[in-house]
Structures are given as C-alpha cells and as structure tokens.
Amino acid sequence: MAKTPAKPATTPAISLRNAVWLTVAFALVAAPHAARLPPWLVVLAGALCLWRVYLARTRLEMPARWLLIAIVAASGAAIFLHYRTLFGRDAGVALLVLMLSLKLLETRTQRDGMILAFIGYFLVITNFFYTQSIPTALYLLACVWFITAAMINLQHADEPKGLRGPLLTSAVMLAQSVPLMVVFFVLFPRVQGPLWGMPSDAFAGVTGLSDNMRPGTINKLVFSDEVALRAEFAGKIPLPNRLYWRGPVLPDFDGQTWTGSLGGLYNNIGMPRRGDPVRYTVTIEPHNRRWLFALDIPSIIPPRAAITGEYLLLSNTPVTSRMRYTVESQLEYAIGSDGANVMQRRALRLPPGYNRRTLALGRELRERHGGAPDVNEAITNAALALFREQKLEYTLEPPLLGRDSVDDFLFNTRQGFCEHFSSAFVVLMRAAGVPARVVTGYLGGEYNPLGNYLIVRQSDAHAWTEVWMEKRGWVRVDPTNSVSPARADGGLAAAIPEGAALQRGLFTSKNPLLHRLALTWDSVANGWNQTVLSYNLESQRALLYRAGLDGDALRTLAALLIGATVLVTAILALIALTHRKRSREPALAAYQQFCDKMAKAGIARGDAEGPLDFAARVATARPEFASAAHEITQLYVSLRYQGEQNNINKNNNLKQLQQHIQALPA
Amino acid sequence: MTKIEQVTQQVSGIILGKQQQIRLALACLVARGHLLIEDVPGVGKTTLAHALAASLGLNFHRIQFTSDLLPADVLGVAVYNGDRSKFEFHPGPIFSQVVLADEINRATPKAQSALLEAMEEHQVTIEGETRRLPDPFFVIATQNPSHQIGTFPLPESQLDRFLMRIELGYPGPEAERALLRGENRRDLLERIQPCMQPAELLALQRESQQVHVSDALLDYVQALISHTRRSADYVSGLSPRAGLALAQAARAWALLDARKHVVPEDVQAVLPGVVGHRLSPTGVAREAAATSKDIAARLIASVAIP
C-alpha cells in the first residue's frame, strides 16, 4: 500500500466482506461470457478472482502496479492476437472482462468498490449482445440484484449484516424501480435500429440458409434445432406439403456449387389472382442476410422490402435483428408463363465436361419424349419416374461424391439428401433441354397449438426445383418428395430411417410430455419476442395511437415521459408522506397532524425541532394558537416521553390530544 | 424557587451573562460528571469553579498545573513521621469535593493522568493503599486553547472522561459593562452563602438517575450517534461512552427544568457540551463548524427527531 498515495478519510478501505461480494458479483456477471471467451482468458480471470479473495482473507498487500501493468500488456496483446483486433463485440467484451478482473486487484477503498460495481452493471449489458432470451434476462436480473446488494453492503461497511439483509433491500429497491422501468420501456423514444451501432462482428456464427448450395450445405443445417421463423396465419394453416418457404433461387451451376444472383428488384410484380391468398405474419430470426421467407409465391410485398424477378422477398437491410412482417401468398400460381426470356436461357446452361452419363441420359429422355404434346412436362414426369426406379435413398449421411457429383449420385452411391436430389434433377432436366433451377428454403414447420403459430426450424431447410413448362410457367417439382413422400407430409423426422443420427433435443423428443413442454416453452419465448423484444418505433406508435395520441411522435413521447415521471414521482412521494403520517404510534400521528395544521398556518416544524421549542415558536409567531399549542405539546410530550408507568391516564390523554387537534382550524 | 435555581441565580450574579454555561456546568455536576472549561485566560473560568463550589457548600481545592507538577503534588504523599516511627499519608489537594485543575494542559501527561485516573475511579491508590475520594467528587479542569505555547494537549481518550466541555467566551457588551461597573469578583466570592448541603446535592444526583428516558427519546439519541458514525463529516463517530454521557447529561438537564422525563430539547441543549470535545469534523466540515456550538448545531440540523 505504501506505493499508493494515501486516500482521503472519506473513502475507507474496503472490507473483506465487500471484496468478496464484489468478486462474486463480477464472477456471476462474467460467467455467461465464459463459453465465448478464449479459454486462457477464462482461466486468467478466474485466477485473478481467487487471488483477490485470497488477498482479502490474508490481508496481504495488493500486487504492485508494475505487475498489473505487465499483465494488462501481455493479455491485451494476447487478445489482439486472438481476435486480430481490439475493437468489435468479441474483442471488446474480452478486454472488458480482463480489465474488470484486474480492477479487482486494484480495489482498495470503498470508492474503488463503487466503480467496480458500476462497471459490473455495464458488463451485464454486454451479455445482451449475444442473446436476449428469457433465461438470459432472468439470469442478468439476478446479477443486477446481486450487484445492487453488493453496493448496499458498500454503503454500510460498518454494520455487519448477513446475506439476507442486503439482498432483501436490493430486491425492494429493484421492485421500486419497476414502475419507472415500465414507463421508460413503453414511452422512451424508440430509435430505429439499435441505439448505437452493433459491432460488425456481432452476427458471426448465426445459422441460416446461405446464398449457394453444394452437397452438404443444407445437410449441415438439419442438425440445428434453432428457430428460423415463426408464422401466425390469419386463417387456416395450409397443408404441410404446401408449406414451401421460398428462399434464394439458384440457377447457376459450376459442376460443384449452385449459385444465384439477385438481379433486378421490383416493388411490384404482376400477379394474376387465382383463388384466395393466404395471409400470415412472419417473425424471422436474424440470419444476417437480406432475404425474407414467404410461402410460394408472395403476392404482396411488406414495407421496406422488395421482390426479385425470381419471387424472392428482399429486405432493404440485412436481417440483423428479429423482424416481423405480414405477407400474402398465392398458393395457386403461374409465374413466368409469358414466353421465353433470359431466365429460361440461364436455366439451361450446364458446365461443359461434367457428368457425362447424366448428360447422355438427358439426351435419351429428350429423344424418347420429344414428340409429346407438352414436351417439358413429359420429360419431367419421365425423369421423376426414373428417380423412383433408380431406388435412390434419402439419408442424412450421404457418402462423399467425386468430381462428377451428379453421375456419382445417380449411378454409384444412390444415397443423398435434398440437395443431391434437386441438384441431380436440375442437371438431368437441363441435359434434356428443359429449363430448370434449384430453389432453397424451408419446407413445412411444426404447429404449436399453444400459441397457434407455426415454428419453422433450421432443420426444416430444404432444396427443391422449378421446371419451366409451356403455358404453366415455372412449376415447382420436388424430386425429394417423389422418392420420399414422407418428407413433405411429415417433416424430416418422418422421412429418415429409424436410428439415424438426428440430435435428440427436446423438440425432436418422442416423449409426448417433453415435447409438449418444449412447445409451451417456445410459445412463451415467442410471446417474449413479440411483445418485449420487437417493441419498436412502429409498435410504440401503434400503442400511442390506440391510446388516442397522435401527431409528432417524439414530442408526444417526451411530454408523456416527463408527465409519467412526474406522476410516478408524485405517487411515490405521496406514499412516502402518507406512510410517515400513518405512524404506528397514535400520539406521534396526532402530533404530525398538529404540525401539518401549523404548517398550513405558516409555521412549519423543522425535522430537528423539538416539540417544546416548536410550541414556543408558535406562541411567539401566532399568539392566538399559543394556548392550544401549549396544551397539545404538553399532552404529546407526556404521551411520548413520559413513559407508560408514569402516565396513568394515557388513553385519556391521547383522546384529549386528538380533540385539541381536531378543534384547531384546518 | 428550588435550591438548584438559587444556585444558578447566585452564580449568575457573579459570572455575568453566562446563564447557559452555568446551567450546563450544573447539569454536568448533577449528572456526576466532570467538567472541562476551555477558553483563553481571564474570562472567568476559575471564578466559575469557585462560585459553583461555594454555592453548593462543597469544599474546594485548587491545583495549579505546571510543567513541573508531579503526581504526588496532586494525590498526596506518605511522609515518615519520626515521632511515631511510621509513614503518614498527607492527602493531596485531590481529596476535596470540588477540585479545580487549573490549566490542566500545562502539566506533563504523567501528572495529567494521575488526575484523570482519580476522576474515573473516584479513588486513588498510593503506597498500595486504596483511598476513596469524597462524595460528591467533582473536577473542574480549565485549559487554554491548545494552540497556545507550552501546552500538552489532552489525548482523545482523556478528553472522553470529561462529561462536558464548555467554552465561556467573552461576555456580551451589556454584561461586560455591568462587570466593569460592579464590585470586585473576589469580594463577591467571599460573600457567597451556600444554597444547599452536600447531602442535598447527592439526593439530586440520585434523582437525576430516575428521570425517565422513553423509547422515542432513545431512538433520537441513537439516531444522533449513528449519524456521527456514518457521516463523512467526522473523523470518527461517537463512542458508546459518549452516548451514555449524552443520556446522562440530558437527564440532568431535564431535572434542572423540573421535569421527570427527557425531551429532545434536553438532548439538544446538552449536545454542545457533550459532543464538542468528542467529535472532530473533517475537511470541509471543519471550516463550517469551528466551535462546539457549531458542531452541535450541525449535528442537530442533520438528524430528524423520530
């Protein structure tokens, strides 16, 4: 300690108890980060925490400043090497955790403790960069509770209390702040997008469909239980085999990978109406891409979005936070039926020198069915029949394919997943001169009866094809379905053979009770998403509009916020004041009434003014009250200070006191 | 008029314009505490001690503390008597009902502690023999402000043994004029008639113990004490002994007001005397609260009466 300048007496040294509380609070807040930080940093932070507790217990000196600086420099460099930057979400959080654990070793006085507690609050917020689910919120609430208790402890360093005291006070304080929190949540002007820009690396590692497809891309997704989107339907939910959630369309093939480009964007695309459209609201999870999923084929476009020539909905900005949009889809449709265009020519291109056997098979199909009235339809049907004859097998663990992937799949391995099927089918179609393309997206979804919505997971990812036919335009053909019809009707779990290596999470659990539990949980989480997390400027406006408020939203909000704050403060003040009035001691309560009456008459009693002094002051200031004040004060003093055994007619005195006070003019 | 009021009146006739301090001194006496008077020379510290002792009919000794004063000069000494072939104890000036320890901070700590121990124990031990001091036993010590040259300031632990410390201060203009016009104080002192017997004072002291302190009042005393412990305005808070002193002094004050119970005003009235020498304000507060009165006023203002 000799090396640090003496702190002023106002910030006494921190006690063992407080040091331990703060260390535990820090450990609790940092714990969820542990899985996301480099392991060495977790070990280092843990060691620093233990060291701090050890120092507090043994009352040894804090480490020298040069040592701390050395640790900062070394670990800072290590963090830089690990993340290749010191900025952004991950490196920032790593630095914060490092600094905070080192700050523990600098925490000598109560003032340092306060600083630590405040940085702790900040560290709480950083957890929300990663997840905003209900368990996280609850856990962090508990952390805030604990930090607040630690701060309360800091304020009462001299009064040793158990665990319960501070925790109880902290809980009461948090409960008291709830009304204000609600008011601010509802009325604080919402900013479009986050208040400050999220670090650019914040969305790394989100799962979802990518903009290309090669054998294995979708296969990878099916093991994920993560939710891709949830949809609430205005009317009846269509049959499972019509729930094709349209994603990126991939017309280009280089022999291995299917790719696409977005092409022109339209705000409106001609759509002849056939039958009733399906109307539904989608809540999409962030996937860091621009596309929005809609059932084949979207017929209206949600705000701040556009549509491509391939009927893919595109948001104006990448979906980096949960988004909600309402769309309509036309399940009976005909698109691209108006003659040949660029898209059809693009849908015939094949890379030269690949998949010779398939090319030959295509040519053969063309020769055999060239004379049919609708050539394309005849070839499609023949190809589907061929797929069935080939005894192709639908599996989650397809064998690796060689250079000529389609030949390999169709004639050698004969085992594949939807991407193999669609890829092979499109190549075969193109070989036969029929325009065809791959479409990716999701198929089906699970109905949650508790919330009356559909859950579509990453495991529902699917790839199918579209074939161009005369008069009918682009027609959806799902080759996977023709081989394994269960896939479209009953979902993935029904399509794969028993015992396949599908992760058995709660959602895929065969136990009906567990499954129901999972559905309930999802419904709660969905409610949280819909009401709390997606409360944005629009929902705020809508809410205000429903409350009859309109016009300049910001000004209205500011006025409401100020008004509500004043109101809440006034209510709390009123409670505090009336609480004081309703004292348990009747004599004190009566005397308080007397003081209030005097205050109205212009003579307010000071908090530290004794009753006799006050009576004397009243007598000089307002002689007309002198005798009454004297009587009242005598009675009050005798009741409050004389003691029970010395005051035989206590009840009588109290009655007299109350009568005297009643007699005073209000 | 009660006898104690007569005492007040008589002493007030000699120390002019210091009613409050005289009452505090009497309250201190009734509460069986010792009194420290701190002020510059010549404001009537010694005269007050004299007048009090004479009015109460107590015998009185004065010890002038100097830097070469020895404990034996205070307590007494055993001298060999050749005629009777044994040591005989010659009691020192401390064996009297009122001891005026004049300029206590001019003596060395050794001599100071001899007095202070006697104050605490009400007995002295010399040559292995314990001798009780008379009852009532009351020490009035005076001291010069410690910034004066040639003083040994009393440490906090010793200061704590004085129930109260009062500051006399200069008289007001009217009192000063009356003082200048009036008789010689010495002559006045000699003419003082005792107003009460020592036994009556002892009875009064016992009576003060009986004054009722209600729970509501204890709440207030505790609030005051815990405020000094928690607030950053003070170097250290009031000790439990200070709390006891406060309650005791407030009782005595209530008795002087002819009440059988303590009210918050009593606590506030004795507060300057009781906490002035026990609390030292820190930093900024020190400038705002230079005297005992200021310290007490600040403390009173910052604690609400429950």
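Please refer to the structure higher up on the page.
Presented here is a report on the structure given in the accompanying data block. (Residues numbered from 1 in each chain as written. Chains lettered and ligands numbered in written order. Predicted model: local features only at pLDDT ≥ 70, side-chain atom pairs only at ≥ 80, totals over all residues. Heavy atoms only, no water.)

Thoughts on the overall build of chain B
How we decide: Only DSSP runs of H or I covering at least 4 residues are called helices, and only runs of E covering at least 2 are called strands; the numbering of each starts at the N terminus. Each residue is assigned to one of three classes by its accessible area relative to the maximum for its type, calculated with a 1.4 Å probe on protein chains only: buried under 20%, partly exposed between the two thresholds, exposed over 50%. What makes two residues a contact is simply this: any of their non-hydrogen atoms within 4.5 Å. To be clear on the numbers: accessible area is Shrake-Rupley with a 1.4 Å probe, and residue cover counts the displayed protein chains and nothing else.
Looking only at helices and strands, one finds 14 helices and 9 strands in chain B. When burial is assessed residue by residue, chain B has 53% of its 306 residues classed as buried. Of the contacts made within chain B by residues no fewer than 6 positions apart, 77% connect residues no fewer than 24 positions apart. As displayed, chain B has an accessible area near 13900 Å², and 51% of this comes from carbon and sulfur atoms.

Remarks on the environment of L35 of chain B
All names here are of chain B. Secondary-structure assignment places L35 in strand β1 (residues 35–38). Separated by 11 residues in the primary sequence, L35 and L24 place their C-alpha atoms 9.3 Å from one another. Residues in contact with L35, not counting those within four places in the same chain, are A25, C28, F138, V139, I140, A141, F162, M164 and I166.

With respect to the interface of chain A and chain B
What counts here: By definition, the buried area sums, over both parts, the 1.4 Å-probe accessible area that each loses when the two are put together. Identification of polar contacts relies on pairs of N or O atoms within 3.5 Å, with a donor-acceptor requirement for protein atoms, meaning one able to donate a hydrogen and the other able to accept it, and with residues adjacent in sequence counted only if both atoms are side-chain atoms. Each residue receives one of three labels: charged for Asp, Glu, Lys and Arg, nonpolar for Ala, Val, Leu, Ile, Met, Phe, Trp, Tyr, Cys and Pro, and polar for the others, Gly being one of them.
With 18 residues of chain A at the interface, the matching set in chain B holds 20 residues. Both sides of the chain A and chain B interface together cover about 1500 Å² of buried area, and 58% of this is carbon and sulfur. When residues of chain A are sorted by the area they lose upon contact with chain B, A608, R640 and Y641 of chain A head the list and together hold 39% of the total. At the boundary of chain A and chain B, one finds 5 residue pairs in polar contact (both at pLDDT 80 or more). Elements represented by at least two residues in the side of chain A that touches chain B include exactly α21 (611–621) and α22 (626–641) of chain A. Split by residue class, the side of chain A that touches chain B holds 5 nonpolar, 6 polar and 7 charged.

Let's talk about the sheet that holds strand β8 (residues 138–143) of chain B
Through backbone hydrogen bonds, the strands of a sheet pair up, either in parallel or in antiparallel fashion. Residues and elements named next belong to chain B. Stated formally: Here, any two strands with at least 2 DSSP bridges between them count as paired. Axis lines are fitted to C-alpha atoms, over the contacting stretch for helices. Their N-to-C directions set the angle, which ranges from 0 to 180 degrees.
Pairing is parallel in the open sheet, where 5 strands are placed in the order β2-β5-β8-β1-β9. The sheet terminates laterally at β2 (60–64) and β9 (164–166), the two strands that pair on one side only. Each neighbouring strand pair of the sheet contributes to a mean axis angle of 20 degrees, computed without reference to strand direction. Pairing geometry for β1 and β9, over 3 bridges, is parallel.

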